[in-house]
Amino acid sequence: MKKLINSPDTIVTDALAGIAAAHPGLAVDIENKVITRARGPQAGKVGLVSGGGSGHEPLHGGFVGYGMLDAACPGEVFTSPVPDQMLAATKAVNGDAGVLHIVKNYTGDVLNFQMAAELAEDEGIEVVPVVINDDVAVQDSLYTAGRRGVGATVFVEKLAGALAEEGAGLDKVAGLAREVNERSRSFGVALTSCTVPAAGKPTFELGDAEIEFGIGIHGEPGRERATLATAREITAAALDAIDADMPLTGDLLVMVNGMGGTPLIELYLVFNEVHRYLTGKGARVARNLVGKYVTSLEMQGLSVTVCRLTATLTELWDAPVDTPALRWGR
């Protein structure tokens, strides 16, 4: 195992210290593993909290800031944060307008966020959870009951975050988050596995000419082990799976996401194939992201996430955002 770490035991806290040093606009509680906006809660604004295992950077800490999250809770690598973290984050962002929990559909995340919400409500904080389950690859996996939450998490955080900045109430912000989740689908492909530092060896094995269709962001197996093909063929297979579940029509928001070890030149090449496929179906790629947004350590591979836009969602997407990983309009 070759990694730029000091120790597997300190990788998360060491990285959090680096985030604190690099981004003075964030407040990083290293001991409790909570990242918030430096200025604290904004009175009358709905607070947005998300979180999950580390190793998926920039998700979630990289999306804390104006127009997106108010707080993020990083767990250990590929491990859910604990309820105490989530409670601390919820209390830290409470501006007396309620708090939205954005929860990826992994069993540990769902249970721990539920417990944190109950504890917060015992302290008089209204909490509404929205569970993200956009992955069309498999119905159940090693980590989930039902579909996994993956790339649509970024869309929900951005769009719900924009609405919260406008001063919308908790019910409206939560309703929009659910709508974005319902209008979004994702599919991922792995060319290699990744190595969790504490394990010291690859999570799974792939031959030189093998790829895994439908992987999750923790390296969970997908729906099929296949032979390496061209980028055009791989892209078409991913979009065929999405289109079979949600017809790809109208104006679309598309994210071509690298899993951590994929060069940007390859991601742009794939985006060209995605654009070609979608325009060939008569759809329009109205907005896009190309880059690393939801990673799986050093895994080589990609995921494609598509959201069917409305005029309102497009306007919210274009609204200003200022976070370490996403920034425009300010």
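Just so it is clear, the structure is predicted and the values come from calculations on it, not from any experiment.

Enquirer: What is the right way to read the overall build of the chain from this model?
Expert: When its secondary structure is counted, the chain shows eight helices and 14 strands. Relative to the compact-globule value of 20 Å for 330 residues, the chain shows a C-alpha radius of gyration of 19 Å, a close match. Dimensions of the chain, computed from the C-alpha atoms along their principal axes, are close to 55 × 50 × 35 Å. Across the 330 residues that make up the chain, the buried fraction comes to 56%. Once local pairs closer than 6 in sequence are excluded, the contacts in the chain between residues at least 24 apart make up 72%. Per element, the accessible surface of the chain, about 13500 Å² overall, is 51% carbon and sulfur. A gap of 6 Å separates the mean positions of the 27 positive and 41 negative side-chain charges of the chain.

Enquirer: I keep staring at the pairing of strand E10 (residues 251-258) and nothing clicks. Help me out?
Expert: Side chains on a regular strand alternate between the two faces of the sheet. In terms of residue burial, E10 counts as a mostly covered element, since seven of its eight residues are buried. Where E10 lies against strand E11 (residues 284-291), seven bridges are found, and the strand directions are parallel. Bridge pairing in E11 places Val256 opposite Val290. Crossover connection from E10 via helix H7 (residues 264-280) to parallel E11: handedness right-handed. The pairing of E10 with strand E12 (residues 301-308) spans seven bridges and is antiparallel. Across the sheet, Leu253 pairs through a bridge with Cys307, a residue of E12.

Enquirer: Sorry if this is basic, but what is going on with the packing of helix H4 (residues 152-165) against helix H5 (residues 170-182) here?
Expert: Relative orientation and spacing of two packed helices are given, respectively, by the angle between their axes and the distance between those axes. Close contact between H4 and H5 brings their axes to 9 Å; oriented N to C, the two are set at 155°. As far as their axial angle goes, H5 and H4 are roughly antiparallel. Classified by chirality, the crossing of H5 by H4 is right-handed. From H4, Phe155, Val156, Leu159, Ala160, Leu163 and Ala164 reach across to H5, where they touch Lys172, Val173, Leu176, Ala177, Val180 and Asn181. Its residues assigned to classes, the contact of H4 with H5 shows 10 nonpolar, one polar and one charged.

Enquirer: Explain the pattern of salt bridges here, please?
Expert: A pair can form between side chains of opposite charge whenever their charged atoms are brought close. Under the definition given, this model contains 19 salt bridges. In this structure, the salt-bridge partner of Glu123 is Lys91, at a minimum N-O distance of 3.3 Å. Within this pair, whereas Glu123 is found in the loop between helix H3 (107-122) and strand E6 (127-132), its partner Lys91 is found in helix H2 (residues 83-92), the two being separated by 32 residues in sequence. Judged by its relative accessible area of 43%, Lys91 falls in the partly exposed class. Residue Arg330 is joined to Asp322 by a salt bridge in which the shortest nitrogen-to-oxygen separation is 3.9 Å. Counted as one network, the salt bridges with shared partners bring together Arg37, Lys45, Asp70 and Glu165.

Enquirer: How should the nonpolar core be read in this particular structure?
Expert: One finds Leu48, Leu100 and Val173 to be the most contacted residues of the largest nonpolar core, which totals 62 residues. Here this core takes nine residues from H4, the largest share from any one element. Once residues lying within four places of it in the same chain are set aside, the contact partners of Leu48 are Met68, Leu69, Asp70, Ala71, Leu100, Ile102, Glu157, Ala160, Gly161, Ala164 and Val173. Membership of the second largest hydrophobic core comes to 30 residues, among which are Leu248, Val254, Val256 and Val304.

Enquirer: What is the right way to read the environment of Gly51 from this model?
Expert: Relative to the assigned elements, Gly51 resides in strand E3 (residues 47-54). Along the sequence, Gly51 and Ser80 sit 29 residues apart, while their C-alpha atoms lie 7.9 Å from each other. Here Gly51 is in contact with His60, Cys73, Pro81, Ile102, Lys104, Asp109 and Phe113, once residues within four sequence places are set aside.

Enquirer: It is not clear to me how the sheet that holds strand E2 (residues 34-37) should be interpreted in this structure. Could you clarify?
Expert: Strands pair in a sheet through their backbones, by hydrogen bonds, and they do so in one of two ways: parallel or antiparallel. Ordered in space as E1-E2-E4-E3-E5-E6, the six strands form an open sheet in which the pairing is mixed. The open sheet is flanked by strand E1 (26-29) and E6, the only strands paired with a single partner. Ignoring strand direction, the axes of neighbouring strands in this sheet form an average angle of 20°. Taken together, the two bridges between E2 and strand E4 (residues 71-77) define a ladder with antiparallel strand orientation. For Ile35, the partnering residue across the bridge sits in E4 and is Ala72. Contacts from H5 reach E3, strand E5 (99-104) and E6 within the one sheet, and its direction differs from that of E6 by about 5°.

Enquirer: Sorry, what's going on with helix H6 (residues 231-245) here?
Expert: A turn of α-helix holds 3.6 residues, and therefore any two residues three or four places apart point the same way. For H6, built from 15 residues, the straight-helix expectation of 21 Å at 1.5 Å per residue is met to within 8% by its first-to-last C-alpha distance of 22 Å. All of the buried residues along H6 are Ile234, Thr235, Ala238, Leu239, Ala241, Ile242 and Asp243. Elements that come into contact with the buried residues of H6 comprise strand E7 (184-190), strand E8 (210-213), H7 and E12.

Calculation notes
- Residues numbered from 1 in each chain as written.
- Predicted model: local features only at pLDDT ≥ 70, side-chain atom pairs only at ≥ 80, totals over all residues.
- Heavy atoms only, no water.
- Helix = DSSP H or I, 4+ residues; strand = E, 2+ residues; numbered from the N terminus.
- Rg over C-alpha atoms; globule rule 2.2 N^0.38 Å.
- Buried < 20%, exposed > 50% of the residue type's maximum accessible area, 1.4 Å probe, protein only.
- Contact = heavy atoms within 4.5 Å.
- Areas by Shrake-Rupley, 256 points an atom, 1.4 Å probe, with all protein chains shown as cover.
- Lys, Arg positive; Asp, Glu negative; His and termini not counted.
- Charge placed at Lys NZ, Arg CZ, Asp CG, Glu CD.
- Pairing = 2+ DSSP bridges.
- Right-handed = clockwise from strand over helix to strand, strands pointing away.
- Axes fitted to C-alpha atoms, helices over the stretch in contact; angles between N-to-C directions.
- Parallel < 35°, antiparallel > 145°, perpendicular 65-115°, else oblique.
- Left-handed = near helix turned anticlockwise from the far one by under 90°.
- Nonpolar A, V, L, I, M, F, W, Y, C, P; charged D, E, K, R; others polar.
- Salt bridge = Lys/Arg side-chain N within 4 Å of Asp/Glu carboxyl O.
- Core = buried A, V, L, I, M, F, W, Y, C linked by side-chain atoms within 4.5 Å.
- Expected span 1.5 Å × (residues − 1).

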